[in-house]
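# Reading the structure
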Protein chains: 2
Amino acid sequence: MKHTITTVAFDADDTLWANEDLFVATQARYTALLAPYRHDWDAQELHATEQRNLAYFGYGIKGFTLSMIETAIQISDGAVTGHEIAQIIDLAREMVHAPLTLLPHVADIIPTLAQTHRLMLITKGDLFDQEAKIARSGLADYFRHIEVVSEKNSSTYARILRRHDINPSEFVMIGNSLRSDILPVVALGAHAIHVPYHLTWQHEHVDVPADARTWREMADITAVANWLAQNC
Amino acid sequence: MKHTITTVAFDADDTLWANEDLFVATQARYTALLAPYRHDWDAQELHATEQRNLAYFGYGIKGFTLSMIETAIQISDGAVTGHEIAQIIDLAREMVHAPLTLLPHVADIIPTLAQTHRLMLITKGDLFDQEAKIARSGLADYFRHIEVVSEKNSSTYARILRRHDINPSEFVMIGNSLRSDILPVVALGAHAIHVPYHLTWQHEHVDVPADARTWREMADITAVANWLAQNC
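Basis of the calculations
Think of each chain on its own: its residues are numbered from 1, step by step along the sequence as written. The lettering of chains begins at A and the numbering of ligands begins at 1, in the order of writing. Residue-level local features of this predicted model are given only where pLDDT is at least 70; pairs of side-chain atoms are given and counted only at 80 or more, and the full residue set underlies all totals for whole chains, interfaces and linings. In this text, helices come from DSSP runs of H or I with a minimum length of four residues, and strands from runs of E with a minimum of two, each type numbered from the N-terminal end. We compute the radius of gyration from the C-alpha atoms alone; for a globule the expected value is 2.2 Å times N to the 0.38, where N is the number of residues. Here a residue counts as buried when 20 or more other C-beta atoms sit within 10 Å of its C-beta, as exposed when there are 12 or fewer, and as partly exposed otherwise, the C-beta atoms being derived from the backbone. Note on contacts: each residue gets a C-beta atom placed from the backbone, and two residues are in contact if those atoms are within 7 Å. Only residues with pLDDT of at least 70 in both copies count here: their C-alpha atoms drive the least-squares fit that superposes the copies. Pairing between strands is defined by DSSP: at least two bridges between them are needed. The axes used here are C-alpha line fits, helices contributing only the stretch in contact, and every angle between their N-to-C directions lies in the interval 0 to 180 degrees. An automatic or database domain assignment provides the domain bounds reported here. Nonpolar residues are Ala, Val, Leu, Ile, Met, Phe, Trp, Tyr, Cys and Pro. Charged residues are Asp, Glu, Lys and Arg, and all others, Gly as well, are polar. Each angle is binned into one of four classes, with values under 35 degrees roughly parallel, values over 145 roughly antiparallel, values of 65 to 115 roughly perpendicular, and all other values oblique. Helix crossings get a hand from a simple test, with the near helix turned counterclockwise from the far one by less than a right angle marking a left-handed crossing and a clockwise turn marking a right-handed one. Here, a nonpolar core means buried Ala, Val, Leu, Ile, Met, Phe, Trp, Tyr and Cys residues linked by C-beta atoms lying within 7 Å of one another.

Scanning chain A for helices and strands turns up nine helices and six strands. Since a compact globule built from 232 residues should have a radius of gyration of about 17 Å, the 19 Å found for chain A is in line with a globular shape. Expressed as a percentage of the 232 residues in chain A, the buried residues total 39%. For chain A, restricting intrachain contacts to residue pairs at least 6 apart in sequence, the fraction spanning at least 24 positions comes to 68%.

What follows is the structure in structure tokens.
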């Protein structure tokens, strides 16, 4: 069956370019930095601080950094030094300016898709971080609309569809997070394609029974482009 | 002369609600916290750290907090304790959830203006911080469009006008910052009304010769509403 999809929306982090890898690598350096204090600390302590701080600091590098500093103080019982905390802030600056790596085939497929569909970028997180990555991606001009939002739930997507006068049946969202890119979109009656990434931030994990999976799952963006070419 | 102004755009911080006061009050508590280390430190040291960090962290509470932590490490020669840094992070959480105070007459005038004009809110800063304040203001529903941007320059305003298909001659921007709300708007040939606030963040200071001031200056939002009623 042919679909009349007019708008193809992409998530950004871990859908168009690698992102979680940078957090994982930074956390490894952070763990090494804290080794003098406790060898056996559990990454769950950092994750718990992050979760607690989401309501205060939201997503992104700066909130993550404040959580790293706070966790360092906790697990060292306050003994972490000013010099070590300065190194954590250095890690944050390195993250902000880290090179951006597009995922395979993205650099070819996005410009091609832009010739046949209205493309949107819908990304969650810190405005400053996301704008910097979008600029460095070199892809900004291919997206008719770019939306940086603080949370991706059904009301966020409903607002975006309304603002651009898009019927849910004409809209497909492509992303790596079931929680943020897929479930809230299918809840609106729109299309969604899940393209898993090899790393998923714990916060984005959800369990969905197999028989409730009403969306498509594809291995990579090449499969997405082929499906759009054949079906839309 | 009557103007055909269709769209009245407001800045948010220190135009619709108090904001800089919170940063000033937090900085006073921060200064007290650091008193054991240096009595004579100059607020310019914090300002210099903030300026340096803008390219990494952007505007907002989280970037300000990372700059406070970094400056504390510098001026204490690394002697600041984990406990004291934890207190700085507590200051950040207090800022995020601080009560929002609308400026005088804003609560009456915005709903009234919304009946006769298309209202927009254009605010610079951290997406998470700004969305939280907009929600707490109770004013969100009166604005047809809300734009949170990372920087307010002429290309930002040009993009917003293009996106909403607004001619510069039909647009007036109202705000407290010459640098962010007024100069980039008049550069596009649009209207701007400067409503100064009693505090201005040093970063927003600009000097403009008196004879180059082509915008209106008004004392408060009541004067703005009267001018709009009589002239537009």
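Next comes the rest of the write-up.
Rotating chain A by 180° and translating it 0.0 Å along the rotation axis places it on chain B, where the RMSD comes to 0.0 Å. Here the copies are linked by what is in effect a two-fold axis.

Moving on to the sheet that holds strand β1 (residues 7–10) of chain B. Residues and elements named next belong to chain B. A sheet is described by the order of its strands in space; here six strands give the open sequence β3-β2-β1-β4-β5-β6, paired in parallel fashion. Either end of the sheet is taken by a strand with one partner, and the two such strands are β3 (145–149) and β6 (216–217). Note: strand β5 (residues 191–194) against β6, two bridges, orientation parallel. Across the sheet, residue I193 finds its bridge partner in β6, namely R216. Across the sheet, helix α6 (residues 127–137) touches β2 (118–124) and β3, and the angle it forms with β3 is around 150°.

So, about the pairing of strand β2 (residues 118–124) of chain A. Residues and elements named next belong to chain A. In terms of residue burial, β2 counts as a mostly covered element, since five of its seven residues are buried. For strand β1 (residues 7–10) and β2, the ladder comprises four bridges, and the chain directions are parallel. Looking across to β2, one finds that T7 is bridged to R118. Bridge count between β2 and strand β3 (residues 145–149): five bridges; the pairing is parallel. Bridge pairing links T123 to V148 in β3.

Here we come to the interface of chain A and chain B. Each partner contributes to the interface: chain A provides 29 residues, whereas chain B provides 29 residues. Counting residues per element, the ones that place at least two in the side of chain A that touches chain B are α2 (43–57), α3 (61–75), α4 (82–96) and α6 (127–137) of chain A. Here the side of chain A that touches chain B takes eight residues from α4(A), the largest share from any one element.

Since the α-helix packs 3.6 residues into each turn, any two residues three or four apart lie on the same face. All names here are of chain B. Counting buried positions along helix α8 (residues 178–186) yields seven of nine residues, so the element is predominantly enclosed. For α8, the full list of buried residues reads L178, S180, D181, I182, L183, P184 and V185. For α8, the secondary structure elements touched by its buried residues are β2, α7 (154–163), β4 (171–175) and β5.

On to the sheet that holds β3(A). All names here are of chain A. An order of β3-β2-β1-β4-β5-β6 is seen for the six strands of this open sheet, with the pairing classed as parallel. A strand with exactly one partner marks an edge of an open sheet, and here the two such strands are β3 and β6 (216–217). The strands touched by α6 within the sheet are β2 and β3, with β3 carrying the most contacts at an inclination of about 150°.

Time to look at the domain arrangement of chain A. Residues and elements named next belong to chain A. Looking at chain A, the domain boundaries give domain 1 (7–18 + 101–231) and domain 2 (20–96). Taking only C-alpha atoms, the centre of domain 1 and the centre of domain 2 are 29 Å apart. Each partner contributes residues to the interface: domain 1 has 13 residues there, and domain 2 has 11 residues. Considering only residue class, the side of domain 1 that touches domain 2 consists of five nonpolar, four polar and four charged.

We now examine the packing of helix α1 (residues 20–34) of chain A against α4(A). Residues and elements named next belong to chain A. Contact geometry of α1 with α4 gives a least axis separation of 11 Å together with a crossing angle of 165°. It follows that α1 is roughly antiparallel to α4 by the angle criterion. Handedness of the crossing formed by α1 with α4: right-handed. Counted together, L22, T26, R29, Y30 and L33 of α1 and E84, Q87, I88, L91 and M95 of α4 form the full contact between these two elements.

All names here are of chain A. Positive phi outside glycine occurs at H105, with the angle close to 75°. Looking at the element boundaries, H105 is found in the loop between α4 and α5 (106–113). Under the C-beta neighbour-count criterion, H105 is labelled partly exposed, with 15 such atoms within 10 Å. Of note in this structure, D165 is not a glycine but carries a positive phi near 55°.

Further remarks concern the nonpolar core. By size, the foremost hydrophobic cluster in this structure holds 101 residues, and its most contacted members are I69(A) and I69(B). In contact with I69(A), other than residues within four places in its own chain, are I85(A), I88(A), I69(B), I85(B) and I89(B).

Running from N to C, α4(A) and helix α3 (residues 61–75) of chain B point in directions that differ by 145°, and their axes come no closer than 10 Å. Between α4(A) and α3(B) the crossing geometry is left-handed. Side by side, α4(A) and α3(B) meet where G82(A), I85(A), A86(A), I89(A) and A92(A) of the first sit next to L66(B), I69(B), E70(B) and I73(B) of the second. Of the residues in the contact of α4(A) with α3(B), the class split is seven nonpolar, one polar and one charged.

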